[in-house]
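Listed here are the chains, written in short residue letters.
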Amino acid sequence: MGNFGTNITSTTSFTLTGFPEVEGLEHWLAAFLLLLYAISILGNILILFIIKEEQSLHQPMYYFLSLLSVNDLGVSFSTLPTILATLCFHVPETAFDACLTQMFFIHFFSWTESGILLAMSVDRYVAICNPLHYSTVLTDTRVAHMGISIIIRSFCMVFPLPFLLKRLPFCKDNMLTHSYCLHPDLIRLPRGDTTINSTYGLFIVISAFGVDSVLILLSYALILHSVLAIASQEERLKTLNTCVSHICAVLIFYVPMVSVSMVHRFGKHAPEYVHKFMSLVYLFVPPMLNPIIYSIKTKEIRKKLHKILLGTRY
């Protein structure tokens, strides 16, 4: 029986469904998604370029922002191949190993983003609650160690997922709900027992996203307590304004992510287009909006961007 399962898995392919709900409008949808990709990729590359070129931005807050931009590029490039294949070239089939590889990277970058947002909340906490020791607490070495730790944690959490799936007996042809491979979508397909996969998936969601979100809330509770102790209302608003970009980044990441998890676990009878729409929001919105938010709310980035635009105009 074990050999039979292995043989089936080795010849398995997956069919990515695209968006049959908008039949006849696929080209418009493809153009719209490619526009979102272009905004996301160009925006994040521009953020990285500005931080590299502007000496005043060589500080912990912007190092973490650079890491966030690199991660957002990773999210975009992880989904781009199958979106192009499905919507533009009408090649919906993907091989088993290719699907597992894509699934690994999509979830790896999602877990990494959660860790980066936590690190950025620590940066805001130290900057506001302990400003005199900011430069000694968040040294370049410590920031580098934090970044490496986030990457290692994400890798260790996601690494078992492909192997847990490979042990299961899949049929030769499998229909996925999305135009890319996600773990919750894949564990619906095997004919074997997926209890271990579901349990491990829930465990890493709670231990990563759950813990990170609680620690982010705790850091902002401490920040708010510190800000309320400031006598001047103008200074209080000025201090809180330094957190607006990060708060927006947290919301546009966690709200869609929680919504996707809830729909997958408790909305199994919801129409397929609901699942597709939520996953699109989850994977497309944060990489696209993060550079826009930080460009608008960060004066140094805004000034440098203005110089670049003026330079290209004349």
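Values in this document were obtained by computation on a predicted structure and should not be read as measured data. (Residues numbered from 1 in each chain as written. Predicted model: local features only at pLDDT ≥ 70, side-chain atom pairs only at ≥ 80, totals over all residues. Heavy atoms only, no water.)

Helices and strands together make up the secondary structure of the protein, namely 13 helices and 3 strands. For a compact globule of 314 residues, the expected C-alpha radius of gyration is about 20 Å, and the protein comes in at 21 Å, within 12% of that figure. In the protein, which comprises 314 residues, the proportion classed as buried is 47%. Across the protein, contacts joining residues at least 24 apart in sequence account for 81% of those joining residues at least 6 apart. Approximately 16100 Å² of the protein is accessible, and the part contributed by carbon and sulfur atoms is 70%. (Helix = DSSP H or I, 4+ residues; strand = E, 2+ residues; numbered from the N terminus. Rg over C-alpha atoms; globule rule 2.2 N^0.38 Å. Buried < 20%, exposed > 50% of the residue type's maximum accessible area, 1.4 Å probe, protein only. Contact = heavy atoms within 4.5 Å. Areas by Shrake-Rupley, 256 points an atom, 1.4 Å probe, with all protein chains shown as cover.)

What follows covers a positive patch on the surface. On the surface, a cluster of positive charge is contributed by K238, K297, K299, R302, K303 and K307. Of the residues forming the positive patch, the biggest block, 4 residues, is contributed by helix α13 (residues 299–313). As for its position among the elements, K238 is in helix α10 (residues 233–241). (Patch = residues over 30% accessible without salt bridge, like charges linked within 9 Å, V, L, I, M, F, W, Y side chains within 5 Å. Salt bridge = Lys/Arg side-chain N within 4 Å of Asp/Glu carboxyl O. Lys, Arg positive; Asp, Glu negative; His and termini not counted. Charge placed at Lys NZ, Arg CZ, Asp CG, Glu CD.)

Turning our attention to the environment of Y63. The residue Y63 is located in helix α3 (residues 60–88) in this model. Y63 sits in the partly exposed class, given a relative accessible area of 28%. Here the alpha-carbon distance between Y63 and A127, two residues 64 residues apart in the chain, equals 14 Å. When neighbours within four sequence positions are excluded, Y63 is seen to be in contact with H58, D140 and V143.

Once that is clear, we can look at the pattern of salt bridges. Scanning the model with the defined rule gives 6 salt bridges in all. D123 serves as the salt-bridge partner of R124, at 2.9 Å between the closest nitrogen and oxygen. Here R124 falls in the buried class, since its relative accessible area comes to 8%.

This chain's UniProt record puts "transmembrane region" (unreviewed entry) on residues 28–51, 63–84, 104–122, 143–165, 200–227, 239–257 and 277–296. In the segment residues 200–227, helix accounts for 100% and strand for 0%; the C-alpha atoms at its two ends are 40 Å apart. Note that residues 277–296 is 100% helix and 0% strand, and that its end C-alpha atoms are spaced 27 Å apart. (UniProt positions renumbered as here; feature names shortened; annotations may be inferred.)

As a further point, take the packing of aromatic side chains. Given two aromatic rings, their pairing is described by the distance between the two centres and the angle made by the two planes. Under the definition given, this model contains 16 aromatic pairs. Ring centres of F104 and F155 lie 5.8 Å apart, and the angle between their planes is 80 degrees; on these two criteria the pair is classed as edge-to-face. Taken together, the residues F104 in helix α4 (residues 96–129) and F155 in helix α6 (residues 140–158) connect sequence positions 51 residues apart. The class of F104 is buried, set by a relative accessible area of 13%. An angle of 65 degrees between the planes, with centres 5.3 Å apart, marks the rings of F108 and F109 as edge-to-face. Comparing F108 with F109, the two get one shared label, buried. Through successive ring pairs, a cluster of aromatic residues spans F104, F105, F108, F109, F155, F159 and F163. (Phe/Tyr/Trp six-rings, centres within 6.5 Å; stacked < 30°, edge-to-face > 60°.)

The subject of this paragraph is the side chain of S295. Structurally, S295 is set in helix α12 (residues 272–297). With near-sequence residues (within four places) excluded, S295 lies in contact with I47, I301, R302 and L305.

Taking 1.5 Å as the rise per residue, α3 with 29 residues should run 42 Å; its terminal C-alpha atoms sit 41 Å apart, in good agreement. Of all the bends in α3, the largest measures some 35 degrees and sits at L80, one to four residues before the proline P81. Within α3, 21 of the 29 residues are buried, which leaves the element mostly enclosed by the surrounding structure. (Expected span 1.5 Å × (residues − 1). Bend = angle between axes of the 7 residues up to and from the residue.)

Neither face of strand β1 (residues 13–16) is left uncovered, since the one carrying S13 and T15 and the one carrying F14 and L16 both have all their residues buried. With 3 bridges connecting them, β1 and strand β2 (residues 93–95) associate as antiparallel partners. Residue pairing across strands places F14 opposite T94, the latter belonging to β2. (Pairing = 2+ DSSP bridges.)

With that settled, the discussion passes to the state of the cysteines. What the rule picks out here adds up to 1 disulfide. The partner cysteine of C99 in its disulfide is C181, sulfur to sulfur 1.9 Å. Residues C99 and C181 are joined through a disulfide that is left-handed, its torsion about the S-S bond being -120 degrees. Of this pair, C99 sits in helix α4 while C181 sits in the loop between β3 (173–176) and α8 (183–186), placing them 82 residues apart in sequence. Overall, C181 belongs to the buried group, its relative accessible area being 0%. Among the cysteines around C129, which has no disulfide bond, C243 carries the closest sulfur, lying 8.9 Å off. On the accessibility criterion, C129 (27% relative accessible area) is partly exposed. No disulfide involves C248; its nearest neighbouring cysteine sulfur is the one of C243, lying 11 Å away. (Disulfide = S-S within 2.5 Å.)

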